[in-house]
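Residue-level structure breakdown
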Amino acid sequence: MTGGFVFSEKPIQIESGEGAYLYGENGTEYLDFGASYAVAALGHSHPAVTEAVQAQIEKLTYVQASYPVEVRTELYQKLAALAPGDIENVWLCNSGTEANEAAMKFARSATGRSKIVATKRGFHGRTLGALAMTWKDKYKKPFEPLAGGIEFVPYGDPAALAEAVDEETAALFLEPVQGEGGIHPASAAYLEHARDVTEDAGAALVFDEIQTGVGRTGDLWACEGVGVEPDILTSAKGIANGLPLGATLVKDWIAEDAGDHGSTFSGGPVVASAANATLDTIVEENIPEHAAHVGEYLQHELDAATEEHDLPVREIRGVGLMIGVQVKRGANRVLKNLALSEQVLALPAGRTVVRLLPPLVVDEDHADQFVDSFVEVLG
Ligand SMILES: *Cc1c(COP(=O)(O)O)cnc(C)c1O
C-alpha cells in the first residue's frame, strides 16, 4: 500500500460545492442527490455554516470539554431543547458510530444489563461495538470477534420484539427508517410497540436517527412524525452540515447512571459552531416541512415517470427526502451511468436500491432534473 486511499474512489475529482451542486475539474457541474451520505443537509458550503466556522476558528479552535465554552454550552442547550420530549442530556463525539457506541455503554450502565436487541438489515456503524449491531456479514465477518450479547430480530415484526426484549435486555436499537438496509420505513404501530415492550422490560429504547434526523424525513426527528419518544436518540451525518459531529441524547434515568465515558475531541468549538448554525437554519427556515413537501413531489414524479416510460423499477418508497428506488437491474450500474452520463450523484443501499438523500434545500426544479436524468439512464 503506497500513498493511496485504501478503498475504491470514484473517477470524479471534486473541486468545490454550492447548494445542491458539486463542481469538478474544469467546472463540470454535478447534481448531488446523495448529499455525501446525507451530510450536506443544508447543501454544500452553506454560508451560515461557513461564517460561523470562520468566526469561531479565529477566536478559539479547541478547548477540552471539561472547560465550559459558550459555543458548546449553546449546542448542549439547543440539542436538549430540540430533542423529542424530555430528553435533556447531551453527549458529543465525532461520528455516528461513536454516538452509538456511547448509547450502548450508557444503556448497559444504566440498566446493569448487557443484552442488546437489534434488527436484521440494520446499520449502526463500523466500530467493533456498533458493528456488532449491524446486520450485514460482509461488514462483520473479517473483523470478528465483535462485541457480544447482540440478538437480531426481523425489522417490522412486533411479535419478535415482544419475544426478544426481556428482563435481561439493556437496549433495543432501531432506525425509524432503515437507511443503508434499503430505505424501509417502520410503521407507527411498530415503533409504538417497541416503546411498550422496552418500557415493560425496563430496557432503553434507542432510536438511531443518524440518517433520519435533522429534518431528513420531513420532521426534525423521524420519531416525532410517529409520536414515539425513545430513551436515547443518536444523531450525526447532517447535524453540523459537513463538520464531524455525533450526538447521543439521553433521558435523565440513563444520564444518572451512565458510567464513565469520554472523548478528547468531544464537542470542539469549531464543530459546535457549525452545528449551532446548521440547527438554527433548519429551525428558522422550517427545513423539515420543506423536505416533506419536496420529498412528496419527488416520489410522485418518480412514480409518474416509471409508469409513463415503463422503467425497470420494482418499488419506490421512503419518507421526506429519504427515498429508495428499487431497480430491476443492479443499482451500481444505474448510479455509475447517472454520474458519468448525466452528472447526477446518488447512493446505493444494497445491490438493487438507488438511495436518494439530497440536500434538504433542493426544490422542485432539482427534483425534475433528477427525474429527467433517471429516465435517460433507465429508459
Ligand atoms: C451512517 C450511519 C451510521 C454510522 O455513522 P458514521 O458517522 O459513518 O460512523 C450509523 N447509523 C446509521 C443509521 C447511519 O446511517
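Just so you know, these numbers come straight off a predicted model, no measurement behind them.

1. Re helix H4 (residues 96-111)
The first and last C-alpha atoms of H4 sit 23 Å apart over 16 residues, in line with the 22 Å expected at 1.5 Å per residue. For H4, the complete set of buried residues consists of Gly96, Thr97, Ala99, Asn100, Ala102, Ala103, Met104, Phe106, Ala107, Ala110 and Thr111. Looking one or two residues past H4, Gly112 carries a phi angle of roughly 70°, positive in sign.

2. Remarks on the pairing of strand E2 (residues 21-24)
Across 4 bridges, strand E1 (residues 14-18) lies against E2 in antiparallel orientation. The residue of E2 that forms the bridge with Ile14 is Gly24. The hairpin turn running from E1 into E2, its antiparallel successor, is 2 residues long, and Gly19 in that turn takes a positive phi close to 60°. Judged from the 3 bridges that link them, E2 and strand E3 (residues 29-32) form a sheet pairing that is antiparallel. Paired with Leu22 across the bridge in E3 is Tyr30. A loop of 4 residues connects E2 with E3, the two strands running antiparallel in sequence, and Asn26 in this loop sits at a positive phi of about 40°.

3. Here we look at the domain arrangement of the chain
We note that the domain assignment places domain 1 (14-38 + 287-378) and domain 2 (47-284) within the chain. The gap between the C-alpha centroids of domain 1 and domain 2 is 26 Å. Facing the 23 residues of domain 1 at the interface are 22 residues of domain 2. For the domain 1 and domain 2 pair, buried surface summed over both sides reaches about 1,700 Å², with 64% attributable to carbon and sulfur atoms. Summed over the shared surface of domain 1 and domain 2, the result is 0 salt bridges. Where domain 1 touches domain 2, the interface holds 7 residue pairs in polar contact (both at pLDDT 80 or more). At the level of elements, helix H1 (35-38), helix H12 (287-309), strand E13 (313-319), strand E14 (322-327) and strand E17 (353-356) are the ones that each hand at least two residues to the side of domain 1 that touches domain 2.

Criteria and cut-off values
Residues numbered from 1 in each chain as written. Predicted model: local features only at pLDDT ≥ 70, side-chain atom pairs only at ≥ 80, totals over all residues. Heavy atoms only, no water. Helix = DSSP H or I, 4+ residues; strand = E, 2+ residues; numbered from the N terminus. Expected span 1.5 Å × (residues − 1). Buried < 20%, exposed > 50% of the residue type's maximum accessible area, 1.4 Å probe, protein only. Pairing = 2+ DSSP bridges. Domains from an automatic or database assignment. Contact = heavy atoms within 4.5 Å. Buried area = accessible area lost by both parts, 1.4 Å probe. Salt bridge = Lys/Arg side-chain N within 4 Å of Asp/Glu carboxyl O. Polar contact = N/O pair within 3.5 Å; in protein donor to acceptor, adjacent residues only side chain to side chain.

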